[in-house]
Each structure stands twice: as structure tokens, then as C-alpha cells.
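# Reading the structure
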Amino acid sequence: MKYVSTRGEAPVLEFSDVLLQGLARDGGLYIPETWPQFDAATIASFAGKSYQDVAFAVIRPFIGDAISEDDLKVMIADAYAGFRHPAVTPLVQTGSNTFILELFHGPTLAFKDVAMQLLGRMMDHVLAERGMRATIVGATSGDTGGAAIEAFRGRDRTDIFILFPDGRVSSVQRRQMTTPSEANVHALALTGNFDDCQAIVKGMFNHFAFRDRVGLSGVNSINWARILAQIVYYFVAGAALGAPHRKISFTVPTGNFGDIFAGYAAMKMGLPIEKLVVATNVNDILARTLETGRYEKRGVTPTISPSMDIQVSSNFERLLAEVCGRDGEAVRRMMNQLGQSGSFAIDAGPLGEMRAVFGAGRCNEDQTAATIADMWSEAGYLLDPHTAIGVHVAREHDDGSAPMVVLGTAHPAKFPDAVEKASGIRPELPENLKEMMSAEERQQVLAADQRVVEQFIEDHARAVTAGV
Ligand SMILES: Cc1ncc(COP(=O)(O)O)c(C=O)c1O
Ligand SMILES: N[C@@H](CCOP(=O)(O)O)C(=O)O
């Protein structure tokens, strides 16, 4: 399998290089040259299989010879051995036609663990084979950071630097990043919002001298391997609910558009999907774009669903490339307009293609709290604020024509204050995470300035002195 950049100007790469590179050198994101196809019999066979077996079947065609079949099986087994549920991502029925796909049974209680636990093992494997070290950077609005640190803490071949917006993540999310004591972990609290953090990460990838000197790798969903691991659970849920013999709809709490793009990839591979519904909080750039055809940045409003307080959704570029027929020049034009004027328009053809697959809706703060409250009182099910946004928007889009699956992206205990305020119930952290709430914290507060962050990394990354 080969990978091409959404902007069409970066070298075509194999899986292991895509895994280590993160962002393409033309500023674009890597996508597979073609989509592997699963026929109806294969999809039907997933219904009786373990999560691990489906993961192997889905991931295998994307990685070519980069990792042997035996090694991949071991990595998948190890990655999910620590999940607190034997099904890894169980499906819970909450209404006659509605389901929640619980993606939060990993070590940091967020859906990010599903991909990150595998990504950490894959990167280690490829780095060891090449005798290399890497400096990992990531931007987080709360969940990616904790999941990435958990996956890479103490690993000898990597140092990890996570940039998060100071004061804009929940205390559980912050502590997941600031309490690990391993020397290779660096939690950087930046005086800005998530979009500032993400822009600095992309800026560092586009600063080639720095990128090459420190051996930069990325763990945000700009890294294709993150999306790849997330495709698996769409097939698992779809097959459990009767695919390929019937279509399924998915509503996805969305910020950086990675999780829902994984659903789009599953559809491209043959999973019959009725609708993919984007659910946003009041930071609703994606819902507005699908409504108006204009992608237009506005300021970020802090909410009780902080992980979705995002305006620049990286993976939307992957969708643009798809609906523009992989026309790199068209993607470059739109991205340049975004950089220069903060907005761009999508042509009628590509927009129509998007609308045929995607629906969208938004949920404000009161609606989020009300959804948490009524799901608790009516179904005895405690939602976190992000999943609540999915449930609210799914209710608006569920016409009964297909089972509606809402992706449960975080455990309510990650956001105890918001959940308690809405429902009167204070969700408890699992026993093994409680200790963290009184452990010593270690973080570096830095200005949201690329040069300042680069200097900090140069001073602390082992790859600089030990060689990449
Ligand atoms: C809990 C939670 N829900 C939803 C999202 C949005 O996912 P995505 O950025 O893949 O769209 C995030 C962050 O990414 C998250 O942490
Ligand atoms: N919501 C995310 C933002 C980063 O998204 P990613 O999927 O690109 O890593 C977070 O919680 O950090």
C-alpha cells in the first residue's frame, strides 16, 4: 500500500514512513492511494469475531510489509489487553433504534486510547528496526495528550512533548498529562487555545531544519495510523448490527474530524452506511460548513465539552481531497485561502458529494446539560458532555430508517464537575486512576510561540544529542 498527500506534492510513501512522518512535507495529510475493499461475506464474518481479529483483518491491507503478520497480531493483542471491557468497544442499546458505542474503556478513559495504544507499539517497532529515535509532538484539547503520554511514557526510543491550552482542559485531563514522572514525558501548558497549539505543531513540521534535527513525529490524527486504528470499530459495530445486510448510521461528536473520517474510510471499504452525522458543540464550524458550503473560522468559545473546542479541523482536508477527486491543486488552493483569509468556499460538486453522506447538527451548553440529565433519569445511563452532544444531535437525525449508533468518546468521570452539575451524580474514576488526583504535577508553562516551543524541545529531546 502506498500513501499520497492530500496536497499532491509530497513524496509517495510506504506505511512505515507515513507512521513516522505525521504531516506530509507539502503541509498535507497522507491518505491511502486506494481503499482496500471488503466484500459482503467478509463483513458478515466479522459479526462472530473478537475485536482483535477484526482489527487484524481491517489493518493488515494498509500496512504492506512494514510489520509482519505475527508481529501485528502480537501488537494488537497487547494494545487491547489493558482495556477494562472484554469486547474492547462494547455496543450498548439505549433506545429502540439507538446505541452507544463505548470507546472509553482504555487506560485514559477516552476513545483516543483505541488508536494510541496500537500506534505506540507500531512506532516503537519501526524505530527499533531502523535503530532510530523520534521526538514526538502533539497538540491536545484534552484527551489526545493523556492517551499519547500513556502510550509513550517510559519508552526508550521516544521523547514526547504535548502542547495543551493552559486552563482549558478538565482537571482529570490535565493530571493525566502532568503526573507521569517518566523523564521522556513533557507536558507543555501554552497560553492560547487548542487551535494555537495545533498551528504550532503544524508549523514545526513545516520547519524542515528543526523537523529533521529532532526527528519529529506526530501523534495527532494528522498521522494516518491514528485514523487506521479507528476504522476497526465501525466494522465491529456495523457487523454486530446486521451489516452488510442492512445500513447503519453513526453520529460522531466531532472536533478535528478524525473519528468521523475513520467512518468515511470504513464506508469507502464497503461498510454500508446510511448517514455519518457530525455533532458539534457551539464551536460549530463543521456544521456551518455543511449547511453553507463555506468553511469559515471564528473565535473559539470554551465549553463543558472542551475536547471539541476546535475551529480548524485537520482531517476535513482528507475529506476535501476525496470529494475533489484527489485534486491536490484544488486542496492547496482552499488551504491557502484558509491561511490567508480564514475561510474558503467549497464548489457545488464536492459539496453535494459531502452532503450525500454527511449530516450535521450542533448542541449548545444547555442542551448538553439537559441531555446528560434526561439520559440519566430516563435510561439510567450517565453520559459525558461530548457523548451527550452526539446523543442530542442523533435524536434530531434519527428517522428510524437505520440503527443509529452514537460514538461514546469519553467516560463521564473525565468531566466530573460538568456531569455532576447536569445530573446530580458525581461519576467516580476507576480505582487505578484515583491516585493521580493527589500525585505531584509537573508541567512547563510556555508562550504560544513556535520559536519558544522549538527551543524547549531542542533543549530537552534526546534525539538531538543522541542522533536520530
Ligand atoms: C471526548 C472527545 N470527543 C470527541 C472528540 C472529537 O474527535 P475528533 O477530533 O476525532 O473529531 C474528541 C477529540 O478529538 C474528544 O476528546
Ligand atoms: N480533541 C482532541 C484534539 C486533537 O485531536 P486529534 O484526534 O487530532 O489528536 C484532543 O482531545 O486532544
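Residues numbered from 1 in each chain as written. Chains lettered and ligands numbered in written order. Predicted model: local features only at pLDDT ≥ 70, side-chain atom pairs only at ≥ 80, totals over all residues. Heavy atoms only, no water.

As annotated in an unreviewed UniProt entry, the chain carries the name Threonine synthase and comes from Roseibium salinum. Under the UniProt heading Pathway (unreviewed entry), the entry covering the chain gives this text: "Amino-acid biosynthesis; L-threonine biosynthesis; L-threonine from L-aspartate: step 5/5." The heading Catalytic activity (unreviewed entry) in the UniProt record of the chain holds the text "O-phospho-L-homoserine + H2O = L-threonine + phosphate". (UniProt positions renumbered as here; feature names shortened; annotations may be inferred.)

Let us look at the environment of Arg211. The topology assignment puts Arg211 in helix 9 (residues 208-214). As for Arg211 and Gln21, which are separated by 190 residues in sequence, their C-alpha atoms are 9.6 Å apart. For Arg211, the residues in contact, after removing those within four places along its chain, are Gln21, Leu23, Ala24, Arg25, Met204, Phe205 and Leu216. (Helix = DSSP H or I, 4+ residues; strand = E, 2+ residues; numbered from the N terminus. Contact = heavy atoms within 4.5 Å.)

The sites that carry the UniProt feature "domain: Threonine synthase N-terminal" (unreviewed entry) are, in the present numbering, residues 2-80. Counted over residues 2-80, helix gives 48% and strand 8%. Its end C-alpha atoms are 27 Å apart.

Phe15, Trp224, Ile231, Phe235 and Phe250 are the most contacted members of the largest nonpolar core, which totals 116 residues. Per-element accounting of this core gives the leading share, 13 residues, to helix 10 (residues 224-240). Within the second largest apolar cluster, 24 residues are counted, among which are Leu163, Cys197, Met204 and Ile310. (Core = buried A, V, L, I, M, F, W, Y, C linked by side-chain atoms within 4.5 Å. Buried < 20%, exposed > 50% of the residue type's maximum accessible area, 1.4 Å probe, protein only.)

What follows covers the site of ligand 2. Ligand 2 sits among 14 residues. The nearest are Thr140, Asp143, Thr144, Ser221 and Ser307. Contact between ligand 2 and Ser141: an oxygen atom at 2.9 Å from a main-chain N or O atom of the residue. Considering ligand 2 on its own, with 340 Å² of exposed area, one finds that the protein chains cover 95% of that surface. The residue makeup of the shell around ligand 2, split by class, is 3 nonpolar, 8 polar and 3 charged. (Near = heavy atom within 4 Å. Polar contact = N/O pair within 3.5 Å; in protein donor to acceptor, adjacent residues only side chain to side chain. Areas by Shrake-Rupley, 256 points an atom, 1.4 Å probe, with all protein chains shown as cover. Nonpolar A, V, L, I, M, F, W, Y, C, P; charged D, E, K, R; others polar.)

Let us now look at the site of ligand 1. In the vicinity of ligand 1 there are 15 residues, among which Lys112, Asp143, Gly255, Asn256 and Thr409 approach most closely. Here Lys112 contributes a side-chain N or O atom positioned 2.4 Å from an oxygen atom of ligand 1. Within the complex, 97% of the 380 Å² of free accessible area of ligand 1 lies under protein.

All right, on to the packing of aromatic side chains then. The geometry of two aromatic rings is summed up by the distance between their centres and the angle between their planes. Under the defined criterion, the tally for this structure stands at 19 aromatic pairs. Their ring planes at 45° and their centres at 5.8 Å tell us that Phe62 and Trp224 sit as a pair that is tilted. Within this pair, whereas Phe62 is found in helix 3 (residues 51-63), its partner Trp224 is found in helix 10, the two being separated by 162 residues in sequence. There is no split in this pair, since Phe62 and Trp224 are both buried. An aromatic cluster is built from Tyr3, Phe15, Trp35, Phe62, Trp224, Phe257, Phe261, Tyr264, Tyr295, Phe316, Phe344 and Phe358, whose rings are joined through pairwise contacts. For the cation-ring pair, Arg25 lies above Phe208, with the distance from its terminal atom to the ring centre recorded as 4.5 Å. Across the ring face of Phe56, the terminal group of Lys73 is positioned such that the distance to the ring centre comes to 4.8 Å. (Phe/Tyr/Trp six-rings, centres within 6.5 Å; stacked < 30°, edge-to-face > 60°. Lys NZ or Arg CZ within 6 Å of the ring centre and 35° of its normal.)

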